[in-house]
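Letter by letter, the chains look like this.
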Amino acid sequence: MKISVFGLGYVGCVSAACLAGRGNQVIGVDVNPTKIELVRNGKAPVVEDRIGELTAEVVASGALRATTDVADAIANSEISLICVGTPSASNGSLSTAFLERVTEEIGEALARKGTRHTVVFRSTMLPGTCLELLVPILEKASGRTAGVDFGVAVNPEFLREGSSVKDFFDPPKTVIGEIDTASGDAVAELYEGLPGDVFRVPVPVAEMTKYADNAFHGLKIGFANELGAICRALGLDSHRVMDVFLADRKLNVSPAYLRPGFAFGGSCLPKDLRGLVHAAHRADVSVPILSHVLPSNEEHLRRAVELVVRTGKRRVGLFGLSFKPGTDDLRESPLVELAERLLGKGYDLKIYDANVSLSRLLGANREYIESRLPHLGQLLAASVDEVLEHAEVYLVGSTDAAVVAALPHDERHVLIDLVRVPDADTRRAEEGYVGLAW
């Protein structure tokens with residue numbers, strides 16, 4: 001393919017050299033004449049493992065050249081990768097000034113081109129930036145329509161500085177946000193034959209994936225460091241602790257617990273988090289991440305209450321009460337807390353949970369519920385239908401098949417989904433459906 005790459009920093013330089021190394025004809029574009037001169041002389045503008053040798057090789061073979069001329073690059077390529085920087089402003093907001101400038105220049109060049117061209121954004125940008133800001137700039141500057149006269153896609157990079165060449169040829173995944181199928185096809189062709197799953201998704205989803213990755217990476221590092229600080233204060237070898245932690249590929253290093261849903265609860269997680277944070281404080285160790293896990297959980301529960309309040313309706317049905325499916329354990333269940341708050345606000349509440357029967361609750365479980373919901377017997381319904389007949393708002397905290405099958409599809413009721421029911425994708429088009437975090 002004939003490719004132009006705009007921005008010859010780490011991402012652009014590596015992308016240009018690697019794509020040229022795969023047999024494509026690549027033009028690197030940058031406003032900095034020093035970078036252009038370096039590439040023309042077969043030298044990489046950045047210091048990175050393997051990039052120097054690869055750049056020298058592809059420049060010598062004629063597969064990569066560099067220019068400051070945007071019009072020349074667009075005229076002599078069929079697809080453009082935009083890799084310019086999106087630095088943080090002083091207030092933490094994302095600066096899109098470089099993106100806007102190069103997008104306008106590309107749009108002006110597209111106005112003079114007779115064949116279809118695909119513009120691919122690899123710069124990190126927040127969801128909505130491409131469709132709401134950059135596409136209108138392209139259309140205005142070119143006088144043409146995106147998805148009809150030219151293609152647009154978002155293709156975030158997952159390259160780590162220090163190993164970016166290796167990561168390019170062995171990516172963890174390839175994400176393509178496409179404005180239309182033809183745009184996605186053009187991007188997919190760039191990476192044909194490389195390992196890893198390929199995800200072709202809506203443009204805003206592709207924009208968000210980079211933030212999801214980096215936020216989680218930062219969270220993992222912060223978690224490990226805080227745990228290490230606690231271990232050191234307690235006289236433990238943190239690496240031995242983490243060796244055991246990392247060996248668990250079922251719950252710890254796995255997809256477990258990484259699907260947005262309702263707040264967590266139960267007899268273990270809240271108690272143990274409180275205990276660990278308390279131990280850290282006693283040892284005079286500051287653990288801001290761990291200290292804010294429970295407040296974050298509390299905030300998620302508050303969102304559910306707020307969704308009910310916004311409906312303006314008073315009769316509420318709650319499906320599910322135990323802290324997780326398949327158990328009758330009500331201790332520190334977020335659904336119990338939700339019910340308690342709704343009652344406190346004067347809502348007329350009915351609850352159904354197939355696993356919860358007041359007559360079967362024993363010991364600490366019974367003591368807990370009697371202290372939190374002393375009138376539970378009056379709130380519990382004997383059937384799904386009893387709750388459906390009572391309520392105007394259905395709060396779904398259970399994926400019980402009988403509950404999901406009985407939930408109506410109508411506009412007279414509001415369905416607030418706390419667990420993402422199996423048919424959520426279909427229900428999202430319904431006026432009364434509200435997802436807690438989707």
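Counting of residues starts from 1 at the beginning of each chain's written sequence and follows it residue by residue. Per-residue local features of the predicted model are confined to residues with pLDDT of at least 70, and side-chain atom pairs are confined, for both listing and counting, to 80 or more; whole-chain, interface and lining totals are unaffected and use all residues. Working from all heavy atoms in the structure, the side-chain values ignore hydrogens and water.

**Student:** Mind showing me how you'd approach the nonpolar core here?
**Tutor:** It is characteristic of soluble globular proteins that their nonpolar side chains tend to be buried jointly. If you look at the biggest cluster of nonpolar residues, it comprises 37 residues, and the most contacted ones within it are Ile3, Val26, Ile51, Leu64 and Leu81. When residues of this core are traced back to their parent elements, those giving at least two are strand E1 (2–6), helix H1 (10–21), helix H2 (33–40), helix H3 (51–61), strand E3 (64–67), strand E4 (79–82), helix H7 (164–169) and helix H8 (181–190). The biggest single contributor to this core is H1, with eight residues. Any two residues having at least one pair of non-hydrogen atoms within 4.5 Å are treated as being in contact. Leu64 has contacts with Ala16, Ala17, Ala20, Val26, Gly28, Val39, Val58 and Val59, leaving out every residue within four places of it along the chain. We call a set of buried residues a nonpolar core when its members are Ala, Val, Leu, Ile, Met, Phe, Trp, Tyr or Cys and they connect through side-chain atoms within 4.5 Å of each other. Relative accessibility decides the category of a residue: with a 1.4 Å probe and only protein chains considered, values under 20% of the type maximum give buried, values over 50% give exposed, and everything between is partly exposed. By size, the runner-up hydrophobic cluster in this structure holds 32 residues, among which are Ala304, Val305, Leu318 and Leu379. By definition, any uninterrupted DSSP run of H or I lasting at least four residues is a helix, any uninterrupted run of E lasting at least two residues is a strand, and each is numbered from the N terminus.

**Student:** Please explain empty space enclosed by the protein as it appears in this structure.
**Tutor:** Lining residues are defined by having an atom within 4 Å of a point belonging to a cavity or pocket. Those points lie on a 1 Å grid over the protein atoms alone, cavities being sets where a 1.4 Å probe fits but cannot get out and pockets being open sets with protein on both sides within 12 Å along at least five of seven lines. Grid points are joined across faces, edges and corners, and a volume is the space filled by probe spheres set on the points. Following the criterion strictly, the structure yields four cavities of 30 Å³ or more and no others. One number sums up the size of the largest cavity: a volume of about 130 Å³. Every residue lining the largest cavity is counted, 14 residues in all, and those nearest its centre are Arg122, Pro171, Lys173, Thr174 and Tyr191. Mapped by element, the contributors of at least two residues to the lining of the largest cavity are H7 and strand E7 (173–178). When residues are sorted by character, Ala, Val, Leu, Ile, Met, Phe, Trp, Tyr, Cys and Pro go into the nonpolar class, Asp, Glu, Lys and Arg into the charged class, and all the rest, Gly among them, into the polar class. Split by residue class, the lining of the largest cavity holds eight nonpolar, two polar and four charged. Of the pockets and cavities examined, the second largest cavity occupies roughly 60 Å³. Lining the second largest cavity, in full, are Tyr394, Pro408, His409, Asp410, His413, Val414, Leu415, Arg427, Glu430, Gly432 and Tyr433. Counted by class, the lining of the second largest cavity contains five nonpolar, three polar and three charged residues.

**Student:** Could you clarify how one ought to interpret a nonpolar patch on the surface in this entry?
**Tutor:** Where nonpolar side chains cluster on the molecular surface, the patch consists of Phe216, Leu219 and Leu258 and spans about 270 Å² of accessible area. Counting through the fold element by element, Leu219 comes out in helix H9 (residues 203–233). Judged by relative accessible area, which is 41%, Leu219 ranks as partly exposed. Only residues whose relative accessible area exceeds 30% and that take part in no salt bridge are eligible for patches, with like-charged residues grouped when within 9 Å of each other and nonpolar side chains (Val, Leu, Ile, Met, Phe, Trp, Tyr) grouped when within 5 Å. Calculation of accessible area relied on Shrake-Rupley with a 1.4 Å probe; when residues are assessed, cover is drawn exclusively from the protein chains displayed. Counted as salt bridges are all cases of a side-chain nitrogen of Lys or Arg within 4 Å of a carboxyl oxygen of Asp or Glu.

**Student:** Looking at this model, I keep getting lost on the packing of aromatic side chains. Mind explaining?
**Tutor:** Pairs of aromatic rings are described using the distance from one ring centre to the other and the angle between the two planes. Aromatic rings from Phe, Tyr and Trp, taking only the six-membered ring of Trp, are treated as a pair when their centres fall within 6.5 Å; an angle between ring planes under 30 degrees marks them as stacked, one over 60 as edge-to-face, and anything in between as tilted. Under the counting rule described, the total for this entry stands at four aromatic pairs. Pairing Phe223 with Phe245 gives two aromatic rings, centres 5.7 Å apart and planes at 45 degrees, and the pair type is tilted. Placement of Phe223 in helix H9 and of Phe245 in helix H10 (residues 238–247) is noted, with a sequence separation of 22 residues between them. With a centroid separation of 6.3 Å and 65 degrees between ring planes, the pair formed by Phe319 and Tyr394 is classed as edge-to-face. Of the two residues, Phe319 sits in strand E9 (residues 315–319) while Tyr394 sits in strand E11 (residues 393–396), which places them 75 residues apart along the sequence. This pair shows no difference in class: Phe319 is buried, exactly as Tyr394 is.

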